[in-house]
Amino acid sequence: MFENNQTNQLAVLGFFLKDISHTDLSKKPFDFQQTTETTNEWTQYFDSTLILRHRYNLTSTSLNLSLLMSNNLNDFWRYQGSLTIPPCNEIVLWTVFKQPIYLVDYEFKVFREDFFFESFRGPQNLYYRQIYRSFPHEIRSSIPDQNCCSNWN
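Residues numbered from 1 in each chain as written. Predicted model: local features only at pLDDT ≥ 70, side-chain atom pairs only at ≥ 80, totals over all residues. Heavy atoms only, no water.

A. Expanded view of the overall build of the chain. Looking only at helices and strands, the chain features four helices and eight strands. Starting at the N terminus and ending at the C terminus, the chain contains elements arranged as β-β-β-α-α-α-β-β-β-α-β-β. For the chain, the proportion of its 153 residues judged to be buried stands at 26%. Working note: accessible area of the chain is about 10,900 Å², and carbon and sulfur atoms make up 53% of it. (Helix = DSSP H or I, 4+ residues; strand = E, 2+ residues; numbered from the N terminus. Buried < 20%, exposed > 50% of the residue type's maximum accessible area, 1.4 Å probe, protein only. Areas by Shrake-Rupley, 256 points an atom, 1.4 Å probe, with all protein chains shown as cover.)

Here it is as structure tokens:
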């Protein structure tokens, strides 16, 4: 999360994480290009999250965001939205990347077993919110409620 000190607006980058097993690694039906540097960066991230097992725990770490994000930066959705935790203010510019980041199942284990998570609220209605996408040539959904995206220029 990044905060603009002049406007108090927040920018958040969202990524889907997908776990894969060792057997899937040999098949490689997807783009899995994890370098040693990337593995080390995720290890540092997961090690820092172990501190966050209980409510109100805090930690700080210095990470190379480009190593964590891999090569999944071309296709994204962007919209003006809100915080997902109280007070849920409408001050966030969300960028959600389409392609997931793949992690080997043992790397992902910390999220399943050790990381504290509480969902404060579910997805919200669009309420005329404009959602932009960076991938203009994708076929739109035939479901009317899913046709919410304009092309990002």
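Here the narrative resumes, following the displayed structure.
B. Examining the packing of aromatic side chains more closely. In this structure the tally under the stated criterion is seven aromatic pairs. An aromatic cluster is present here, built from Phe-15, Phe-76 and Phe-97 joined pairwise through their rings. The residue whose ring lies beneath Lys-98 is Phe-135, and the NZ or CZ to ring-centre distance is 4.3 Å. (Phe/Tyr/Trp six-rings, centres within 6.5 Å; stacked < 30°, edge-to-face > 60°. Lys NZ or Arg CZ within 6 Å of the ring centre and 35° of its normal.)

C. Representation of the environment of Phe-16 within the structure. Mapped onto the elements, Phe-16 comes out in the loop between strand 2 (10-14) and strand 3 (17-20). Here Phe-16 is in contact with Trp-77, Val-96, Phe-97, Lys-98, Pro-100 and Ile-101, once residues within four sequence places are set aside. (Contact = heavy atoms within 4.5 Å.)

D. Inspection of the side chain of Ser-134 at higher detail. Inspection of the secondary structure puts Ser-134 in the loop between strand 7 (131-133) and strand 8 (149-151). A distance of 2.9 Å separates a polar side-chain atom of Ser-134 from the backbone oxygen of Asn-74. Of the polar contacts made by the side chain of Ser-134, one reaches the backbone nitrogen of Phe-76; its length is 2.8 Å. (Polar contact = N/O pair within 3.5 Å; in protein donor to acceptor, adjacent residues only side chain to side chain.)

E. Region of the structure containing helix 2 (residues 36-49). Compared with an ideal rise of 1.5 Å per residue, which puts 14 residues at 20 Å, helix 2 spans 20 Å between its outermost C-alpha atoms and is within 8% of the ideal. When we look at burial in helix 2, the residues that qualify are Thr-38, Glu-41, Trp-42, Phe-46, Ser-48 and Thr-49. Take helix 2 and look down its axis: the buried residues cluster within an arc of 160 degrees, on one side only. (Expected span 1.5 Å × (residues − 1). Arc of directions from axis to C-beta.)

F. Here's a closer look at the nonpolar core. Within the largest apolar cluster, six residues are counted, these being Leu-10, Val-12, Leu-83, Val-92, Trp-94 and Val-96. Of all elements in the fold, only strand 2 and strand 5 (92-97) reach the threshold of two or more residues within this core. In terms of residue count, the dominant contributor to this core is strand 5 (three residues). If we skip the residues at most four places from it in the chain, Leu-10 touches Met-1, Phe-2, Glu-3, Leu-83, Ile-91, Val-92 and Leu-93. Ranked by size, the runner-up nonpolar core spans five residues in total, among them Trp-42, Phe-46, Leu-68 and Ile-101. (Core = buried A, V, L, I, M, F, W, Y, C linked by side-chain atoms within 4.5 Å.)

G. Region of the structure containing the pairing of strand 4 (residues 76-81). Note: strand 4 against strand 5, six bridges, orientation antiparallel. By the bridge assignment, Phe-76 is partnered in strand 5 with Phe-97. Across three bridges, the pairing between strand 4 and strand 7 is antiparallel. Considered in strand 7, the bridge of Tyr-79 is made with Ile-131. (Pairing = 2+ DSSP bridges.)

H. The arrangement of unusual backbone geometry in detail. Phi angles above zero are rare outside glycine, and Asn-8 is one such case at about 60 degrees. For Asn-8, a relative accessible area of 44% puts it in the partly exposed group.

I. Geometry of the pairing of strand 2. Only one face of strand 2 is buried: it carries Leu-10, Val-12 and Gly-14, and the other face, with Ala-11 and Leu-13, is open. Alignment of strand 1 (residues 2-3) against strand 2, held across two bridges, turns out to be antiparallel. Bridge pairing links Phe-2 to Ala-11 in strand 2. With antiparallel pairing between neighbouring strands as the criterion, strand 1 and strand 2 make up a hairpin whose turn holds six residues, including Asn-8 at a positive phi of roughly 60 degrees.

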